[in-house]
Amino acid sequence: MLRSVEQKRQGPVTGGEEDPRVTELCSAVSRLRRRLAAHPGEFADRSIAEEELAALAAMAADGLPEIPRLHRSLLLIAGAIGSVSALSAELTEVRRAVDLFGSPVRGQG
C-alpha cells in the first residue's frame, strides 16, 4: 500500500498500532502531572496548568490530537508554570512531545 508523505508524518495507517508520538505525549504529560502534584509550592496559575495537562492527557488518550489545540495547551501550561524551575525539565519534555506533531496550519492556531 502506498502512503503519502502526510500519512507517513501522521503515523500508522492501521488502527491496531499506537502512534509513537501519542505514546511520547502521554508519557511526558504524565511525568509533568506527577511532578506538579508533588511540588509543594503554590503559585497563582497552578489550576490552569493542571486543567491544561488534563486536557492534553485526554487528547492523547483519544488517539490523534488536534495540533492547534496541542499548541494552545502547551502555551497555557508554559505560561502557568514556566517560572517554576523545578518543573522545567518535565515542561521541556512536554514541549518536545508536542513538537513531534508539527506546527499548526496557518490560520488555525
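Residues numbered from 1 in each chain as written. Predicted model: local features only at pLDDT ≥ 70, side-chain atom pairs only at ≥ 80, totals over all residues. Heavy atoms only, no water.

S.K.: In this structure, what is going on with the side chain of glutamate 90? I would like to understand it.
M.R.: Mapped onto the fold, glutamate 90 is located in helix α5 (residues 88-99). In contact with glutamate 90, not counting residues within four places along its chain, are Arg31, Leu32 and Arg35. (Helix = DSSP H or I, 4+ residues; strand = E, 2+ residues; numbered from the N terminus. Contact = heavy atoms within 4.5 Å.)

S.K.: Honestly, the confidence of the model for the chain in this entry has me stumped. Any pointers?
M.R.: Close inspection of predicted coordinates is inappropriate for parts of the model with low pLDDT. Summarising the model, the chain shows a mean pLDDT of 85, and 81% of its residues fall at 70 or more. A low-confidence stretch, residues 1-9 stays under pLDDT 50, and its non-local contacts, those more than four residues away or across chains, total nine contacts. (pLDDT = per-residue confidence, 0-100.)

S.K.: Quick question: what am I supposed to make of the environment of arginine 69 here?
M.R.: Position of arginine 69 among the secondary structure elements: in helix α4 (residues 67-81). Taking the relative accessible area as the measure of exposure, arginine 69 reaches 26% and is therefore partly exposed. Each C-alpha atom of the pair arginine 69 and alanine 55 lies 9.3 Å from the other, and the pair is 14 residues apart in sequence. Not counting residues within four places of it along the chain, the set of residues in contact with arginine 69 comprises Glu52, Ala55 and Met59. (Buried < 20%, exposed > 50% of the residue type's maximum accessible area, 1.4 Å probe, protein only.)

S.K.: Just to check I follow, could you spell out the packing of helix α2 (residues 20-38) against helix α3 (residues 46-61) for this structure?
M.R.: To characterise two packed helices, one gives the angle between the axes of the helices and the distance between these axes. Two elements in contact, α2 and α3, have axes separated by 9 Å at closest approach and are oriented at 155 degrees. The angle between the axes of α2 and α3 places the two elements in the roughly antiparallel class. In this structure, α2 meets α3 at a crossing whose hand is left-handed. Packed against α2, whose contacting residues are Val22, Leu25, Cys26, Val29, Leu32, Arg33, Leu36 and Ala37, the element α3 presents Arg46, Ala49, Glu50, Leu53, Ala54, Leu56, Ala57 and Ala60 at the interface. Classifying every residue of the contact of α2 with α3 gives 13 nonpolar, no polar and three charged. (Axes fitted to C-alpha atoms, helices over the stretch in contact; angles between N-to-C directions. Parallel < 35°, antiparallel > 145°, perpendicular 65-115°, else oblique. Left-handed = near helix turned anticlockwise from the far one by under 90°. Nonpolar A, V, L, I, M, F, W, Y, C, P; charged D, E, K, R; others polar.)

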